Amino acid sequence: MPFQLGHPLGAPDDPVFQRRVLDAVLGLFSAAEGPVLEDFPEDEPENNEVTVLSCPVRYDRDLSGDKDTDPLLSSFRREMTAMRPWYDMAVNKRQRTTVGVSGMKLEDIPGFLYAFVKGITPESPRKEYASAYIMKLAAEDLKSYYIEAVTAQPGQANVSAEKLQEWFWGETEAGKVLLSLKKACASSPDKMLNMMGAHFLVPGDVARRQGR
């Protein structure tokens, strides 16, 4: 099947296309002998545009009244808040989520990750794991949160994984934070942070494009 990873029957929420895939699979049982290996003749339908429909947030407004003095952290927090209704809708609709591996509350993730960006290693919220490892898990939760939220918006269910990656790393404050986090980990004297930053925060192709 020429489909992206995680789409065994093709694009989600497209029952007509998925029915064709199932019909093709069941049709293989009528072959005179086996095993049978055939290519599915259609590519997965995909929407090549990601249009974020959540309430617009002006990240360039005056930040003097915000409790965060760092503009990127302030805009990151507000962006996460703006995505929350869509994430909640996604969980309600799908009755599942991949967010939660860090064990952290969503509202605690921005400050925790950004501490590392500023060269501070915060205390681990889970005593059985090092802070660097929780950082990796929190970054995974963050990426899942954004992808689940944006794909819950109208017309976004069939967006390709490639386009979602381009959107996250190229257009979101969260993507900027993780790129900055990778850079901070690279310069840290902590070897575990070096390893996490080098291998687990940012996809290799994205890091190469960004020169990080």
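About the thresholds
Residues numbered from 1 in each chain as written. Predicted model: local features only at pLDDT ≥ 70, side-chain atom pairs only at ≥ 80, totals over all residues. Heavy atoms only, no water. Axes fitted to C-alpha atoms, helices over the stretch in contact; angles between N-to-C directions. Helix = DSSP H or I, 4+ residues; strand = E, 2+ residues; numbered from the N terminus. Parallel < 35°, antiparallel > 145°, perpendicular 65-115°, else oblique. Left-handed = near helix turned anticlockwise from the far one by under 90°. Contact = heavy atoms within 4.5 Å. Nonpolar A, V, L, I, M, F, W, Y, C, P; charged D, E, K, R; others polar. Polar contact = N/O pair within 3.5 Å; in protein donor to acceptor, adjacent residues only side chain to side chain. Phe/Tyr/Trp six-rings, centres within 6.5 Å; stacked < 30°, edge-to-face > 60°. Buried < 20%, exposed > 50% of the residue type's maximum accessible area, 1.4 Å probe, protein only. Lys NZ or Arg CZ within 6 Å of the ring centre and 35° of its normal. Lys, Arg positive; Asp, Glu negative; His and termini not counted. Salt bridge = Lys/Arg side-chain N within 4 Å of Asp/Glu carboxyl O.

(A) Structural context of the packing of helix 4 (residues 131–150) against helix 7 (residues 191–199). For the pair helix 4 and helix 7, the least separation of the axes is 9 Å and the interaxial angle reads 15°. Here helix 7 runs roughly parallel to helix 4, going by the angle between their axes. The crossing of helix 4 and helix 7 is right-handed. Contact residues: Ala132, Tyr133, Met135 and Lys136 in helix 4; Met192, Leu193 and Met196 in helix 7. Among the residues forming the contact of helix 4 with helix 7, the class breakdown is 6 nonpolar, no polar and 1 charged.

(B) Molecular detail of the side chain of Ser124. Note on placement: Ser124 falls in the loop between helix 3 (109–117) and helix 4. Here the side chain of Ser124 touches Arg126 through a polar contact of 2.7 Å, landing on its backbone oxygen. Residues within four places of Ser124 in sequence aside, it is in contact with Tyr129, Ala130, Ser131 and Ile134.

(C) Fine view of the packing of aromatic side chains. Applying the stated rule across the entire model yields 8 aromatic pairs. Relative to Tyr145, the ring of Tyr87 lies with its centre 5.0 Å away and its plane at 50°, an arrangement referred to as tilted. Taken together, the positions of Tyr87 in helix 2 (residues 71–94) and Tyr145 in helix 4 put the pair 58 residues apart, joining distant regions of the chain. The same class applies to Tyr87 and to Tyr145, which are both buried. Through pairs of rings, three or more aromatic residues link up here, namely Tyr87, Tyr145, Tyr146, Trp167, Phe168 and Trp169. We note Lys136 situated over the ring of Phe200; from NZ or CZ to the ring centre the distance is 5.3 Å.

(D) Highlighting the side chain of Asp141. By the element assignment, Asp141 lies in helix 4. We note that Asp141 is buried and unpaired, the nearest opposite charge coming from Arg126 at a distance of 7.4 Å. In this structure the side chain of Asp141 is engaged in a polar contact, spanning 2.6 Å, whose partner is the side chain of Ser102. Apart from residues no more than four positions distant in its own chain, Asp141 is found in contact with Thr98, Val99, Gly100, Val101, Ser102, Gly103 and Ile109.

(E) Looking closely at the packing of helix 3 against helix 4. Contact pair helix 3 / helix 4: the axes reach a minimum separation of 10 Å and the direction vectors enclose 130°. The angle between helix 3 and helix 4 places the two elements in the oblique class. Two packed elements cross with a definite hand, and for helix 3 against helix 4 that hand is left-handed. Along its contact with helix 3, which presents Ile109, Phe112, Leu113 and Phe116, the element helix 4 presents Ser131, Ile134, Met135, Ala138, Ala139, Asp141 and Leu142. Looking at side-chain class alone, the contact of helix 3 with helix 4 contains 9 nonpolar, 1 polar and 1 charged residues.

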